[in-house]
Amino acid sequence: MFHAKRLQKELSKIHQGLPPAGIHLVAANDFQEWQMDIQVLDENPLYHGKTFRLNFKFSNNYPIEAPEVMFIRATDRDIPMHPHIYSNGVICLDLLSSGNGWSPVQSVESVCMSIQSMLTGNTKNERPDGDDQFVLRTNRSLRNIRFVYDDPTV
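Residues numbered from 1 in each chain as written. Predicted model: local features only at pLDDT ≥ 70, side-chain atom pairs only at ≥ 80, totals over all residues. Heavy atoms only, no water.

Labelled according to an unreviewed UniProt entry, the protein appears under the name UBC core domain-containing protein, originating from Tuber aestivum.

Peer 1: Please clarify how the overall build of the protein should be interpreted in this entry.
Peer 2: Along the protein, the regular secondary structure elements total three helices and four strands. Listing each helix as α and each strand as β along the protein from the N terminus yields α-β-β-β-β-α-α. Put simply, the protein has 154 residues, and 47% of those count as buried. Expressed as a percentage of contacts within the protein between residues at least 6 apart in sequence, the contacts between residues at least 24 apart total 62%. Carbon and sulfur atoms provide 49% of the accessible area of the protein, an area that totals close to 8,400 Å². (Helix = DSSP H or I, 4+ residues; strand = E, 2+ residues; numbered from the N terminus. Buried < 20%, exposed > 50% of the residue type's maximum accessible area, 1.4 Å probe, protein only. Contact = heavy atoms within 4.5 Å. Areas by Shrake-Rupley, 256 points an atom, 1.4 Å probe, with all protein chains shown as cover.)

Peer 1: Looking at this structure, I do not really get helix H2 (residues 108-120). What am I missing?
Peer 2: Taking 1.5 Å of rise per residue, the 13 residues of H2 would be expected to cover 18 Å, and the 18 Å separating its terminal C-alpha atoms lies within 8% of that figure. Taken together, the buried positions of H2 are Val108, Glu109, Ser110, Val111, Cys112, Ile115, Gln116, Met118 and Leu119. Buried residues belonging to H2 abut helix H1 (2-15), strand S1 (23-27), strand S2 (33-39), strand S3 (51-57) and strand S4 (68-72). (Expected span 1.5 Å × (residues − 1).)

Peer 1: I tried to follow the nonpolar core on my own but got confused; where do I start?
Peer 2: For soluble globular proteins, the rule of thumb is that nonpolar side chains tend to be buried together. Phe56, Phe71 and Ile115 are the most contacted members of the largest nonpolar core, which has 32 residues in total. Secondary structure elements with two or more residues in this core: H1, S2, S3, S4 and H2. Of the residues forming this core, the biggest block, six residues, is contributed by H2. Residues within four places of Ile115 in sequence aside, it is in contact with Ile38, Leu54, Val69, Phe71, Ile91 and Leu93. (Core = buried A, V, L, I, M, F, W, Y, C linked by side-chain atoms within 4.5 Å.)

Written out as structure tokens, the structure reads:
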């Protein structure tokens, strides 16, 4: 169970108070699913003062395989508006795709930081093209969704 050992190491680091500013552990009851809150720390008017919740699902192949990561709604937590974030919380980010941008050196912390950065740089208050259709037909595992990464402007 290499994934459990790796996640225990990441969890220990988080409990030692080492995650970067704006990243907070909400729940990590096991080595299958964690929840993290993230905040955008700059003055981006789209996200200023807001906190968003990420749900991480880990397979037994983590960290070789990327975790499934998506935004979830919770009390005082909504899905951020962004051209690469669908209204159901699915994130189109190459880092989250095993075989594309994912590397086993990545961690829960580095994923949170990448998503913080993605939000920080955004100036568009919009959903991806085809959001309504995507949400209606997305009832499969995030691992089975294949995105085309072709928008360097966001």
